[in-house]
Amino acid sequence: MMDDVLRACRMQARSMKRVILPTPILKLRESGNLRKVMDKVQLRKKDFITSIILIAFGIFMILYTLTEIPMKDSWGGVMNVWFVSPGLFPLGVGFLIIIMGIVLCNRAIKDGGAKKFMEDLSRREKDTSGKTLRLLGILLVIVAYVYLYIPRIDYFLSTMLCLMVFISFFYFDRPDFLKKLFTFYLVGCLLFLGLFLMKADKQLNKSFLYTTDGLVFLFFLAFIVYSRVLVHGDGVLKKRWKTTLIMSIVPSLILIPSFKYFLLVPLPVEGAFIELMNIIRYSFR
Amino acid sequence: MLILERIWDFYVTVFFTAFNIENIILLFGSVILGIIFGAMPGLTATLGVGLLTTLTYGISTNAAMITLLGMYVGAVYGGSYGSICVNIPGTAAAAATAMDGYPLACKGEAGRALGLTTTSSFIGTMVGMFFLAVFAPIIATLALQFTSFEFFFLAFFGIMISGGLTGQDLVYKGWISGLIGLFLALIGRDHLQFFPRFTFGISELDGGLEVVPVLIGAFGIPQIIQVIRDQLSIGEAKKFQRVLPELKIISKHITTIVRSALIGVGIGAVPGIGEDIAAWVSYGAAKKASKHPENFGKGEYAGVISCETGNNACIGGAIIPLLTLGIPGSPPAVMLLGALMIHNVTPGPMLSIEHPHFITEMIAILFLASFAMFISGIFLAKQVVKVLRIPPPIFMPVVLTLCVIGSYALGTKVFNLYLMVPVGILAYFMQSMGYPIAPLVIGVILGPMADENLRRALMVSQGSFLPFFTRPVALILFLVIVWMFISQTPFYKRFLGGVKARIFKQE
Amino acid sequence: MKKYCLLAFLFVFVLSGLSLAQEKKFPVRDITNTVVWAAGGGTDVCNRIVSGEMAKIFKVNINVINKPGGVGGSIGMNDVYSRPHDGYAWAGVSESCVTAGVQGGWDKRMYVWDYFIVGGSPDVISVTPNAPYKDLKELMEAAKAKPGSIRAGASASGSIHHLNLLALEKGAGVKFNYIPYPGSAPAQTAAMTGEVSVVVTSVAEQQQLIRAGKLRPLAMLTPQPFTMKDVGAIPSSFVPYPGLSKYLPIMQAIGFAVPATVPENVKETIADTFKKALATDTIKNWADSNYYTLSGKTGKAAKEEFEKLESLFAWTLWELGAAKVNPETLKIPKP
């Protein structure tokens, strides 16, 4: 019984060998396997780069620990010997990161990732799917919201602006609109960045209360008008534009007052709009 | 006699609370608010209890406890909504639920997954309550067995688990992700000697990285980017399953439920660590014990059930040391302690003498809260699945604003947002290269615990490693870790295979 | 278009409304008390209770909110200080806030504030019940015989309890093996598990454990003894070691503060109401049952207390190497 099975296995293996060995690459492409192989090499190429970064980072960690963190001297009133040193753990983590980097590097070289990396150094591929612009659009929205507006502009206004821009970028589902709106928003953000870098916002706010809030609000209105102009003449898109406008105002109107007045969370910047809310809130008492 | 008196107290409180319309409104209101809080990314149980503490100053102690426990139970349960529906865990406790909950939702089984989490959360809370009612003094004594030595092993154990949560690609990518998490945890002044590590003179980094912004960054931002960039539609429930408990599935996983509940209560009772670790350990244990560990991460019911039972059982566990020793067992319990102090109740060993009915009242409120959670859960789950019908280009921007306000609200620091974004972008690129993200978050949660306790333990023992092996609980933990490690090596598998073959032959 | 017109109109309305002249009477609207520590902590609880009582007298709401973070509560302090100095924004502070300066989170001295000190709980040194030391003297002699061998737990390096421990070490000429913990509660837990044998925290934090017999109090780190229900009097450490008076007491000082540039009449109104609130039974009962000592210092006396604390904390932290900014650059005098 057992022997029969074994024989069958061997037979199968032999037959498989016969099939696999002469398989031309063409055949693999047909079955879609080549794509997978390509992807894997592509991934290993990225792994190769990552592994080098990891090794470098691990070395940096160890060097930083050895030079910056005291291994023995008394610190913070605690007796300090090697085993209580704050450098103990970083050393271990850095060491392990280097080991993992080496393991990953080894694997990437075996699977041809390193070779691919060398090959690709000379020629560059172009992305044609438009996904890069989508990615950039998302990143621009997030980065501008968090780094540019929240620290300086009224929280309500920045949230409204962020929602409006984010939804209009992708809800219209038109790559050409995305390009135009992206450019429009990017230019606006760069202008404000310049303003903030020159510290002009503080001067303006000093001479007249909430000037920068007003400027950003004008930008917000301009964005609304621009997007309205874009969708002009298209019934479906007009409807979507309306939804966008509603969805940028309503969630902010629910979220922010409930945090401010119900949960008593102080918001990052309470500018013109939140002051307006305060006036309304305290007149009903 | 004491027990009879307690049971009497229990029923009296349950009835008085249940037949007071104000209390019922308060209970359901806070449970539903808790579920909403839990479901929203970044708004955790800790934050919810903390914010409500502010509002309970004016009301009676009993009503305050109803509000806060309702919030606590609701928020720990509600975390699963975000995990299952959008793959962004609402709370750190629900991060483990996302491992299997989201794949289930992608298969169109979001309704069933939510139903399972509702039932298992309910069972978990009840088990926790039962232990609080019956074994509180014993568990409190056991919790005192945990010193720095044991804490270190516990943290190490959690980090080991993270190594097993590998993604699709290479096995050790999980480890790399975990190590990056450990590095992130190192940033800031170390907690023992206050020495700044990797802060580069930026004083905002002195306090270290908070878990919530890292969690939101690591889970939320990659998900937002991926869904929008690749125009994914989140797995909409094709056919709606009933959210009522499916007893067949539940009874099939009864061992998982019991195991996870015990783990949850145990971890809850240990001071200082909470629902998040309970969920991960339950998940890891369920995976270890499962006959099909390869199905975990692809939508396994046991995965969802284990972590939800675990994290809710943790609540009862966390209240045990709070009430008996005055030591909060989890971060939300710290807030609960503050709330009790505001109401002039100081929890501790004298509590049962100063306020004889208080513990029983808490048990009764927990009992009612878990019922309220179950009922509101069943109603809400049906509505929550509908969220998936909102087109992603509208839904995801709103999720982003929630992520931002959530990361901000706990520490009220804008700097947390500055950290959230780079962590999110890093996580996005890591994910696209086949690295699992969960170990990174576990690393950030457990890194300080491992670091601090290892060094404190050595400080206590003056450099001797001996107590790691002479203390009974430490030794047990050590043996478990060793066994876990060996069972992952090929040598052990070969050995096991050999043994099996030999037995097979004899037959 | 109507919507936009309306919005624009409202915007202009706000701007004009805000530039109106300020009101004379105080208070006419809600006051916000921003506690710079997390909800549920000692400072938070204290501020909530006092604010609650003061709100009754003022007949306006006092919203207590929390803005923790930074070093020594610097984020909350900076936030309050950046608001209008009109007496409507208070900062709920404690003695540890004085460390914000040397830790690089606060570029001013502490005298830019005017304080209203509610009080604090005195520190006590305790041992585990099975420890062989029956009183402070036995403990100190054991510590002297083997310097650095007795494990003493307290909250993090540079905290008030650590400073108390340091002062005790200096005053009595002994050395403990100091083990830091993230807070008082973990330190006390460690004492119960036997990880440390000596613990220094406040009476309020320890009372439950002392009364249940889980910790044995040895001495108060204040000049006066302290009487506790079920336990009796805890002697002062100054009796066996009079030299301690050079370094101790270092008392908690919890309360709230307003910027010093707030108009004098507003500050007076607040101070009056504050004193009235502290005299109410609610506050007295709360203080008694929670083992707080009420202080009620305002004006110059309160300012002096904080300046003393500032110089003590700043220089101790600097000597410990736990400070970032040299206290000299901030012109903080040596204690």
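In this text the structure is predicted, and so the values were computed from the model without any measurement. (Residues numbered from 1 in each chain as written. Chains lettered and ligands numbered in written order. Predicted model: local features only at pLDDT ≥ 70, side-chain atom pairs only at ≥ 80, totals over all residues. Heavy atoms only, no water.)

**As for the overall build of chain A**
For the record, the criterion: Secondary structure follows DSSP: runs of H or I at least 4 residues long count as helices, runs of E at least 2 residues long count as strands, and numbering of each begins at the N terminus. Here the term buried applies to any residue with accessible area under 20% of the maximum for its type, exposed to any over 50%, and partly exposed to those in between, with areas from a 1.4 Å probe on protein chains only. In short, Shrake-Rupley with a 1.4 Å probe defines the accessible areas, and a residue's cover is counted only from the protein chains shown.
Along the backbone of chain A there are 12 helices and 0 strands. Listed N to C, the secondary structure of chain A is α-α-α-α-α-α-α-α-α-α-α-α in terms of helices and strands. For chain A, with 285 residues in total, the buried portion stands at 43%. Accessible surface, chain A as shown: approximately 15900 Å² in total, 68% of it carbon and sulfur.

**Describing the interface of chain B and chain C**
Rule in force here: Whether two residues are in contact is decided by their heavy atoms: any pair within 4.5 Å suffices. Here the quantity called buried area is the accessible surface, traced with a 1.4 Å probe, that two parts lose on coming together, added over both. A side-chain nitrogen of Lys or Arg and a carboxyl oxygen of Asp or Glu constitute a salt bridge if their distance falls within 4 Å. Side-chain classes follow a simple rule in which Ala, Val, Leu, Ile, Met, Phe, Trp, Tyr, Cys and Pro form the nonpolar group, Asp, Glu, Lys and Arg form the charged group, and the remainder, Gly included, forms the polar group.
Every contact between the two is made by 39 residues of chain B and, on the other side, 41 residues of chain C. Taken over both partners, the interface formed by chain B and chain C buries close to 3400 Å², and the fraction arising from carbon and sulfur atoms is 57%. Sorting the residues of chain B by area buried against chain C places Tyr57, Met350 and Val460 of chain B first, and these three jointly supply 16% of that buried surface. Taken together, chain B and chain C are joined by 0 salt bridges. Every element with two or more residues in the side of chain B that touches chain C is listed here: α3 (45-55), α15 (331-342), α16 (351-354), α18 (392-411) and α20 (438-460) of chain B. A per-class count over the side of chain B that touches chain C returns 20 nonpolar, 13 polar and 6 charged.

**Section: the pattern of salt bridges**
Enumeration according to the criterion identifies 20 salt bridges over all chains in this entry. Measuring nitrogen to oxygen at the nearest pair gives 3.3 Å for the salt bridge that ties arginine 174 of chain A to aspartate 176 of chain A. Note that lysine 297 of chain C is salt-bridged to glutamate 305 of chain C, the shortest N-O span being 2.7 Å. With relative accessibility at 33%, the residue lysine 297 of chain C sits in the partly exposed group. Salt bridges here are not isolated pairs; linked through shared partners, they connect Arg44, Asp47, Arg107 and Asp111 of chain A together with Lys173 of chain B.

**Quick notes on the interface of chain A and chain B**
The test is simple: Distance and chemistry together define a polar contact, namely a pair of N or O atoms within 3.5 Å, with one atom able to donate a hydrogen and the other to accept it when in protein, and with adjacent residues in sequence counting only for side-chain atoms on both sides.
Chain A puts 67 residues into the contact, and the matching count from chain B is 66 residues. Counting the surface lost from both chain A and chain B, the interface buries some 6100 Å², and carbon and sulfur atoms represent 81% of this. Taken together, chain A and chain B are joined by 1 salt bridge. Note that lysine 173 of chain B is salt-bridged to aspartate 47 of chain A, the shortest N-O span being 2.9 Å. Where chain A touches chain B, the interface holds 7 residue pairs in polar contact (both at pLDDT 80 or more). When residues of the side of chain A that touches chain B are traced back to their parent elements, those giving at least two are α3 (33-68), α4 (88-110), α6 (131-149), α7 (155-171) and α11 (235-262) of chain A.

**Focus on α3 of chain B**
Because an α-helix completes one turn every 3.6 residues, residues spaced three or four positions apart along the sequence face the same direction. Counting buried residues in α3 of chain B gives 10 out of 11 residues, a clear majority hidden from the surface. For α3 of chain B, the complete set of buried residues consists of Ala45, Thr46, Leu47, Gly48, Val49, Gly50, Leu51, Leu52, Thr53 and Thr54 of chain B. Considering only its buried residues, α3 of chain B is in contact with α2 (21-39), α4 (61-86), α15 and α18 of chain B together with α2 (42-58) and β2 (62-66) of chain C.

**Focus: the packing of α4 of chain A against helix α9 (residues 173-186) of chain B**
Note the cut-off: Note on geometry: axes are C-alpha line fits, over the in-contact stretch for helices, and angles between N-to-C directions span 0 to 180 degrees. Oblique is the label for any angle not under 35 degrees, not over 145, and not in the 65 to 115 range, which are roughly parallel, roughly antiparallel and roughly perpendicular in turn. Each crossing gets its hand from how the near helix is turned against the far one by less than a right angle, where anticlockwise is left-handed and clockwise is right-handed.
As a packed pair, α4 of chain A and α9 of chain B sit with axes 10 Å apart at the nearest point and diverge in direction by 150°. Between α4 of chain A and α9 of chain B, the crossing angle belongs to the class labelled roughly antiparallel. In this structure, α4 of chain A meets α9 of chain B at a crossing whose hand is left-handed. For the pair α4 of chain A and α9 of chain B, the contacting residues are Phe89, Pro90, Val93, Leu96, Ile97, Met100 and Leu104 of chain A in the first and Lys173, Trp175, Ile176, Leu179, Leu182, Phe183 and Leu186 of chain B in the second.

**What about the nonpolar core?**
For the record, the criterion: Working definition of a nonpolar core: buried Ala, Val, Leu, Ile, Met, Phe, Trp, Tyr and Cys residues. They are joined through side-chain atoms within 4.5 Å.
One finds Tyr149, Tyr155, Phe169 and Tyr185 of chain A together with Tyr72, Ile319 and Val404 of chain B to be the most contacted residues of the largest nonpolar core, which totals 264 residues. A total of 16 residues in this core trace back to one element, the largest contributor, which is helix α17 (residues 358-386) of chain B. Apart from residues no more than four positions distant in its own chain, isoleucine 319 of chain B is found in contact with Leu69, Leu132, Leu336, Met362 and Leu366 of chain B. Of all hydrophobic cores here, the second largest spans 52 residues; its members include Ala91, Met140, Ile150 and Ile250 of chain C.

**Examining the pairing of strand β8 (residues 198-202) of chain C**
All names here are of chain C. Just so we agree on the cut-off: Think of it this way: DSSP has to see at least two bridges between two strands before they count as a pair.
Of all 5 residues in β8, 5 are buried; the element is thus mostly enclosed. The sheet contact formed by strand β5 (residues 123-127) and β8 spans 5 bridges and is antiparallel. Residue pairing for β8: isoleucine 125 is matched across the bridge by valine 200. Inspection of the sheet shows strand β6 (residues 151-155) paired to β8 by 2 bridges, in the parallel sense. Considered in β8, the bridge of alanine 152 is made with valine 198.

**As for the environment of phenylalanine 395 of chain B**
Residues and elements named next belong to chain B. For phenylalanine 395, the location among the structural elements is in helix α18. Here phenylalanine 395 falls in the buried class, since its relative accessible area comes to 15%. Considered as a pair, phenylalanine 395 and isoleucine 224 are 171 residues apart in the sequence and their alpha carbons are 9.5 Å apart.

**Side note on the confidence of the model for chain A**
Residue and element names in this part refer to chain A. Which entries qualify depends on this criterion: Each residue gets a pLDDT score, which is the predictor's confidence in that residue and runs from 0 to 100.
With 79% of its residues at a pLDDT of at least 70, chain A reaches an overall mean of 78. Of all the helices and strands in chain A, helix α2 (residues 25-31) carries the lowest mean pLDDT, 35, while α7 carries the highest, 92. Under a pLDDT of 50 for its full length, residues 1-35 has, in the predicted model, 5 contacts with residues more than four places off or in other chains.

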